[in-house]
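Coordinates in review
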Amino acid sequence: MSGSAPAGTDTAAATPEPGRGRRSRARLVPLTSAGGLILVLAAAAVLAPEFYSSANLANVARQASILAVIAIGQTFVLLVAGIDLSVGAVMGIAMIVAAQVTGGRNGPLLGAIVLALAIGVGIGLVNALLVVGRKVPPFVATLAMLILLEGGRLAWTRGIPSGSIPPTLHQIGAGRVGPVPIPLLVMALIAAAAMFVLQRTTYGRAVYATGLNPRAAAMSGLPTGMITASAYVISAVLAIVGGLLLSGYIGYVDRYLGQGFDLDSIAAAVVGGTSLAGGRGSVAGTLLGVALVAVLLNVVVLLEAGVGLQSMIKGLVIVAAVAIQIRFGSAQGATA
């Protein structure tokens, strides 16, 4: 028969493995981000050559490092098919705690950091309770947390945050070890730990399984509720760390610091290949997305574009990233 396989042919071996093509196409998403980063860097050389000054590159590295810390936490939440819109407000809480508890003195700094981290754990647990325990959609739950934290911060500070940043925290946020900014070193340690957890541990595999198919994961015995809750705690704690780094970098407390990091962190993760539907993404891809977003926004600022244009560009980048995911990233799962 014309439709039969030739004699001696192993039809099982000749048939492509289901999903292999989709997985290979999914790997094109972060590669596309890498290509976009190269194009932006090339455009910067022509349109904004001051981008390559040593001072500007150091600032971009610090800003990108802080965004990366937030985006790594956001990646954990996105991997379990959630979203965290409260990270910017959590950063603001960290700054206020650092300033008001320490009063600008190094002595109480360790206690202030511990208190801020504890508050981050509490916020993450409340987000988890709403999402996992009360079945509130993640968008609604974390948006409510954002409003609650912003309202609480406004009531506590009466719109005028007081206190100053301790010199040691300022040194961490704005200092260097040789030519390398300290926030970059902190981010590298966090990224390495996150990569190890997602790629090499049972917990990491459970995170992907929970986001990919929570019902199947639960039927296989995975505690999907606890896994989802842990992702929100990780996101909130890393938002606290990012807020402390940002306050140290800026050197003062302001009510507007931290705003915009929620959308920027989501944009960076999605641009790096993390799926909004959960179960697919990687820390390495998120770091690539952070680099693209940070460089692009810095170039736009150097070109003296307004805030409105910056927001439009971020929106277009997110739409383009999602369109690329839909086209090439239909595979299920990824490595960290």
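Note: the structure precedes this text.
Residues numbered from 1 in each chain as written. Predicted model: local features only at pLDDT ≥ 70, side-chain atom pairs only at ≥ 80, totals over all residues. Heavy atoms only, no water.

**Things to note about the packing of aromatic side chains**
- Per the stated rule, a full pass over the model turns up one aromatic pair.
- An angle of 85 degrees between the planes, with centres 5.0 Å apart, marks the rings of phenylalanine 51 and tyrosine 52 as edge-to-face.
- Residue classification places phenylalanine 51 among the buried positions, given a relative accessible area of 2%.
- For tyrosine 52, a relative accessible area of 39% translates into the label partly exposed. (Phe/Tyr/Trp six-rings, centres within 6.5 Å; stacked < 30°, edge-to-face > 60°. Buried < 20%, exposed > 50% of the residue type's maximum accessible area, 1.4 Å probe, protein only.)

**Things to note about the side chain of aspartate 84**
- Here aspartate 84 shows up in the loop between helix 4 (54-79) and helix 5 (87-102).
- Although aspartate 84 is buried, it makes no salt bridge; arginine 153 carries the closest opposite charge, 14 Å away.
- A distance of 2.8 Å separates polar atoms of two side chains, one belonging to aspartate 84 and the other to serine 235. (Helix = DSSP H or I, 4+ residues; strand = E, 2+ residues; numbered from the N terminus. Lys, Arg positive; Asp, Glu negative; His and termini not counted. Salt bridge = Lys/Arg side-chain N within 4 Å of Asp/Glu carboxyl O. Polar contact = N/O pair within 3.5 Å; in protein donor to acceptor, adjacent residues only side chain to side chain.)

**With respect to helix 14 (residues 283-302)**
- If you check helix 14, its first and last C-alpha atoms are 28 Å apart, about what 20 residues at 1.5 Å a residue would give, namely 28 Å.
- Counting buried residues in helix 14 gives 14 out of 20 residues, a clear majority hidden from the surface.
- A side-chain oxygen of the first residue of helix 14 lies 2.9 Å from the backbone nitrogen of glycine 285; this N-cap is serine 282.
- A positive backbone phi angle near 60 degrees is found at glutamate 304, which sits one or two residues after helix 14. (Expected span 1.5 Å × (residues − 1).)

**Structural notes on empty space enclosed by the protein**
- Per the counting criterion, the structure on display carries one cavity of 30 Å³ or more.
- What the largest cavity holds in volume is close to 30 Å³.
- Around the largest cavity, the lining residues are Ala267, Val293, Leu296, Leu297, Lys314, Val317 and Ile318.
- Elements with a minimum of two residues in the lining of the largest cavity: helix 14 and helix 15 (307-328).
- In terms of residue class, the lining of the largest cavity is built from six nonpolar, no polar and one charged. (1 Å grid on protein atoms, 1.4 Å probe; cavity = no way out; pocket = protein on both sides within 12 Å on 5 of 7 lines; lining within 4 Å. Points joined across faces, edges and corners; volume = space filled by probe spheres on them. Nonpolar A, V, L, I, M, F, W, Y, C, P; charged D, E, K, R; others polar.)

**What about the environment of serine 33?**
- When you line up the elements, serine 33 lands in helix 3 (residues 28-47).
- Exposure remark for serine 33: the relative accessible area of 5% places this residue in the buried category.
- Separated by 238 residues in the primary sequence, serine 33 and valine 271 have C-alpha atoms spaced 6.5 Å apart.
- Sequence-distant contacts of serine 33, that is, excluding residues within four places in its chain, are made with Val271, Gly272, Leu288 and Leu292. (Contact = heavy atoms within 4.5 Å.)

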